[in-house]
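Close look at the chain arrangement
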Amino acid sequence: MRRWLPKSIFIRSLLIVLVPLVILQIVLAIVFYERHWENVTQYLTAAVAGEIDALIWMYNSPDVDEAVVIGESFFQLSSHFVPGGRLPERTLARRPTRVERHLTQALGGLSTPFAIDTTRSPDTIVSIELPDGLLVITIPKKRMESRTTDLFIYWMLGTSLALTLIAAYFVRQQIRPINRLARAAEQFGRGIIDVSFKPSGAAEVRRAAHAFLAMRERIRRQIQQRTIMLASVSHDLRSPLTRMKLELALLGDNEEVANLKRDIEEMEHMIDVYLAFARGQGEEESGDFDLTTVIHEVASEAPSPVEVRVTESLPFVGRQGAMKRCLTNIVDNACRYGRRTVLEGRAGDGAIIVTLDDDGPGIPEAFRQEAVQPFVRLDSSRDPNLSGGGLGLTITSDIVRGHGGDIVLASSPLGGLRVQITLPSN
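Conventions and cut-offs
- Residues numbered from 1 in each chain as written.
- Predicted model: local features only at pLDDT ≥ 70, side-chain atom pairs only at ≥ 80, totals over all residues.
- Heavy atoms only, no water.
- Helix = DSSP H or I, 4+ residues; strand = E, 2+ residues; numbered from the N terminus.
- Buried < 20%, exposed > 50% of the residue type's maximum accessible area, 1.4 Å probe, protein only.
- Contact = heavy atoms within 4.5 Å.
- Areas by Shrake-Rupley, 256 points an atom, 1.4 Å probe, with all protein chains shown as cover.
- pLDDT = per-residue confidence, 0-100.
- Phe/Tyr/Trp six-rings, centres within 6.5 Å; stacked < 30°, edge-to-face > 60°.
- Lys NZ or Arg CZ within 6 Å of the ring centre and 35° of its normal.
- Pairing = 2+ DSSP bridges.
- Core = buried A, V, L, I, M, F, W, Y, C linked by side-chain atoms within 4.5 Å.
- Salt bridge = Lys/Arg side-chain N within 4 Å of Asp/Glu carboxyl O.
- Patch = residues over 30% accessible without salt bridge, like charges linked within 9 Å, V, L, I, M, F, W, Y side chains within 5 Å.
- Polar contact = N/O pair within 3.5 Å; in protein donor to acceptor, adjacent residues only side chain to side chain.
- Axes fitted to C-alpha atoms, helices over the stretch in contact; angles between N-to-C directions.
- Parallel < 35°, antiparallel > 145°, perpendicular 65-115°, else oblique.
- Left-handed = near helix turned anticlockwise from the far one by under 90°.
- Nonpolar A, V, L, I, M, F, W, Y, C, P; charged D, E, K, R; others polar.

**What about the overall build of the chain?**
- Summing up its helical and strand segments, the chain has ten helices and eleven strands in all.
- The buried share of the chain, reckoned over its 426 residues, is 36%.
- Here the contacts in the chain between residues at least 6 apart in sequence split such that 64% fall between residues at least 24 apart.
- For the chain, the exposed surface amounts to about 25500 Å²; the carbon and sulfur share of it is 58%.

Written as structure tokens, this is what we have:
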């Protein structure tokens, strides 16, 4: 049952309104309308049967012509007499119509044989066998059938259609705030702040919207606090490092001083890496830009040549600086560990796919999930002579997922590592 239910809340809400309405119309058609048509047909056929009885009496009177005139003028019954005529032989039995059934019951008091035919013309023909001939009476269809039948159907369909349109309008008005809330949440998940979003709609939807706005503000404050804290830590650490560099410069050049200088440089590099990680979800505003331009900029600034394969424009909405840092990290890693690097960008089904391949040592499949975790170094599995802060792929993953995308590590056709980034298309 759940598999056949529509997924859209608009269709589900509309079904909640329409299903009882349809069931009500069906019940009315079966119970009320059917009973109504039966009663009306019974009353009309009883009246026609009385007129036929009066017409037979007039045909038995001396003035037959007057009977014809009276029948057509007052009873709206066309009649003619066939001298010596007799009723035809009975045909194969068939299911009688409602009119035939009620008219047969109403004419049951006649002392003469009769036959009812509703198949030869739109009107009903009643043949009555008299002693000296056959009386044929043509009864108009409207005399024995309710004209309100079509009216009932038209009113039923018309009101149902009107109620459906009204219900669809109000349901859509109620669902629109939910769609706006979902769109604002989706954009925030991609790092886009919709400043025009305001709570609206029903009380429950407004409550959810206020909760979303409060959550969004808390997350923004946490990001700001993290960035400010790491910036403060960086400033506090750089001051003693600067003093240490000055003191080492006064000591002269020897092997111990050179080792201490290398340690200080490594500490400064680590501080820069940690700050870059903190800025991954920083305060940069989102905007429209062409990802193809960013790809070419990253390739041109790489430490070694990068082969770029992008043949089309890739419009994207996000933080341009963050995306550049993201691509710079993976390109620098590829250039550091391999000799050949290929950077490709293309548009897929509702997504932008950026793929980076290198011919370096790669990352074993068992360590790929661990490679995007913070402060995890896999240099022993790639090149032990190269080291970093352990945050390169973490920063990349943080930025990509902050834009609503995903990152996958796999084996490259070049023999090294493949980094595939999938971003939602706008």
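**Focus: the confidence of the model for the chain**
- For the chain, per-residue confidence averages 79 on the pLDDT scale, and 87% of positions sit at 70 or higher.
- For the chain, helix α2 (residues 64–73) is the element with the lowest average pLDDT, namely 69, and helix α7 (residues 291–300) is the one with the highest, namely 92.

**Observations concerning the packing of aromatic side chains**
- Across all of its chains, the model carries four aromatic pairs by this definition.
- Both rings, one in F197 and one in F212, keep their centres 6.0 Å apart while their planes meet at 80°; by these two values the pair is edge-to-face. Residue F197 is found in the loop between α4 (148–189) and α5 (203–250), and its partner F212 is found in helix α5; the two are separated by 15 residues along the sequence.
- Cation over ring: R172 sits above F10, and NZ or CZ is 4.4 Å from the ring centre.

**Quick notes on the pairing of strand β8 (residues 341–347)**
- Here three bridges tie strand β6 (residues 307–309) to β8, and the two strands are oriented parallel to one another. Bridge pairing links R309 to E344 in β8.
- For β8 and strand β9 (residues 351–358), the ladder comprises seven bridges, and the chain directions are antiparallel. Counterpart to T341 in the pairing with β9 is D358.

**Observations regarding the nonpolar core**
- Within the largest apolar cluster, 36 residues are counted, with the highest numbers of intra-cluster contacts made by L291, V331 and I421.
- When contributions to this core are tallied by element, the ones reaching two or more residues are α7, α8 (320–337), β9, α10 (392–402), β10 (406–411) and β11 (417–424).
- In this structure, I421 is in contact with C326, L327, I330, I352, I353, V354, T396, V400, D406 and I407, ignoring residues within four places of it in sequence.
- Membership of the second largest hydrophobic core comes to 21 residues, among which are I52, Y59, L130 and M144.

**Section: the pattern of salt bridges**
- As enumerated under the stated definition, the model contains six salt bridges in all.
- Residue R309 pairs with E307 through a salt bridge whose shortest N-O separation is 3.1 Å.
- Under the relative-accessibility criterion, E307 is labelled partly exposed at 33%.
- When the shortest N-O distance is used, the salt bridge between R418 and D357 registers 2.8 Å. Within this pair, whereas R418 is found in strand β11, its partner D357 is found in strand β9, the two being separated by 61 residues in sequence.
- What makes R418 partly exposed here is its relative accessible area of 24%.
- Three or more residues are tied together by salt bridges with common partners; here these are E297, E301 and K324.

**Overview of a nonpolar patch on the surface**
- A grouping of I11, L15, V19, V22, I23, L24, I26, V27, L28, I30, V31 and F32 is seen on the molecular surface, where their side chains present a nonpolar patch of about 1000 Å² in accessible area.
- Its relative accessible area of 48% is what places I23 among the partly exposed residues.

**Looking at the side chain of S397**
- If you trace the backbone, S397 turns up in helix α10.
- Of note is the side chain of S397, whose polar atom sits 2.9 Å from the side chain of R401.

**Thoughts on the pairing of strand β7 (residues 315–318)**
- Here β7 shows one buried face, formed by F316 and G318, and one open face, formed by P315 and V317.
- Sheet topology note: the strand β5 (residues 287–290)/β7 ladder contains four bridges and is antiparallel. Residue pairing in the sheet places D288 in a bridge with V317 of β7.

**Some thoughts on the packing of α7 against α8**
- Contact geometry for α7 and α8: axes closest at 10 Å, N-to-C directions at 40°. Viewed along their axes, α7 and α8 adopt a mutual orientation that is oblique. The way α7 lies across α8 gives a crossing that is right-handed. Residue-level contacts link L291, V294, I295, E297 and V298 of α7 to Q320, M323, K324, L327, T328 and V331 of α8.
- Residues belonging to the contact of α7 with α8 are distributed by class as follows: seven nonpolar, two polar and two charged.

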